[in-house]
Amino acid sequence: MTRPIRIGLQLQPQQQPDYGVIRDTVLRAEDAGADIVFNWDHFYPLYGNPDGAHFECWTMLGAWAEQTERVEIGALVTGGGYRNPDLLADMARTVDHISGGRLILGIGSGWFERDYDEYGYEFGTKGSRLDLLAEYMPRIVNRLGKLNPQPTRHIPILIGGGGPKKTLPMVAKYADIWHSFGEMETHAEKSEILAQRCAEAGRRPEDIERSTSWPGADAAPSYVELGITQFTVGVGGPDYDLTELREAIAWRDDNSAPPLTGLS
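Model, not experiment: these values are computed from the prediction.

Calculation criteria
- Residues numbered from 1 in each chain as written.
- Predicted model: local features only at pLDDT ≥ 70, side-chain atom pairs only at ≥ 80, totals over all residues.
- Heavy atoms only, no water.
- Axes fitted to C-alpha atoms, helices over the stretch in contact; angles between N-to-C directions.
- Helix = DSSP H or I, 4+ residues; strand = E, 2+ residues; numbered from the N terminus.
- Parallel < 35°, antiparallel > 145°, perpendicular 65-115°, else oblique.
- Left-handed = near helix turned anticlockwise from the far one by under 90°.
- Contact = heavy atoms within 4.5 Å.
- 1 Å grid on protein atoms, 1.4 Å probe; cavity = no way out; pocket = protein on both sides within 12 Å on 5 of 7 lines; lining within 4 Å.
- Points joined across faces, edges and corners; volume = space filled by probe spheres on them.
- Nonpolar A, V, L, I, M, F, W, Y, C, P; charged D, E, K, R; others polar.

Student: Describe the packing of helix 3 (residues 85–99) against helix 5 (residues 126–146), and please don't skip the residues or the numbers.
Tutor: Orientation of helix 3 relative to helix 5, taken along the N-to-C sense of each, is 45°, at an axis distance of 8 Å. On the basis of their axis angle, the class for helix 3 and helix 5 is oblique. The way helix 3 lies across helix 5 gives a crossing that is right-handed. Here Pro85, Asp86, Leu88, Ala89 and Arg93 of helix 3 lie close against helix 5, whose contacting residues are Tyr136, Arg139, Ile140, Arg143 and Leu144.

Dropping the structure here:
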């Protein structure tokens, strides 16, 4: 399967108290040619002033669904333990309809302890958070199948992480997109494990789109050789400089196959 190269922006909703700046950045990213605009599901900044300005993820996605026309939108990634899974499925279905079928449901097990402590969630351990996500995934899928009206399309599920014992089996069973981290050697190793997990789940590994952070134009071709075709540039407030995003988009355009013409 040959997939198009896609460039996303993770617009980190931190260190900028004026939501209008975030709104403007989403439009600038869409106008620049980004394929996807993500935010993240945290309650406090991850860098810079730890008590700086920060906005919530899913209410923001509803606003983005209305203001954009072309880009896909989603969280990179939703904290799996923050919300009842049936409610999360309903939220996703609703944003899917508002956007006209452009939502990606990104989800992971969560890791930032302050989010849990400050908002009254049990942080537990890495293993317990992954176990909770494994419990929630079938509930999310089941609820999506029961909702009325149904989603406008099969909502792509993106799962972030690379743990071989718990995360990759979930990727193999549920994910349409796998977002992974690390150097190329790590990607190659985890990709082999994912292929084994897909065989166990009765899925083809090539049916799962591969995603990672933008490694730069020089390194990106090597990642594509590993099967990774979705790259995301991260940018934080207050300024939201899109220079690197534009560089990634230019690289995509220079390395994408031209459309076929002249066919009857």
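The discussion continues.
Student: Summarise the layout of surface pockets; cite the residues concerned and give the values.
Tutor: Its boundaries defined by the atoms lining it, the largest pocket holds a volume of some 670 Å³. Along the walls of the largest pocket sit 33 residues, with Val77, Trp111, Gly160, Gly161 and Phe181 positioned nearest its centre. Mapped onto the lining of the largest pocket, the elements with two or more residues apiece are strand 1 (6–12), strand 4 (78–79), helix 5 and strand 9 (228–236). Considering every element that reaches the lining of the largest pocket, the biggest residue donor is helix 5, with 3 residues. By residue class, the composition of the lining of the largest pocket is 10 nonpolar, 17 polar and 6 charged.

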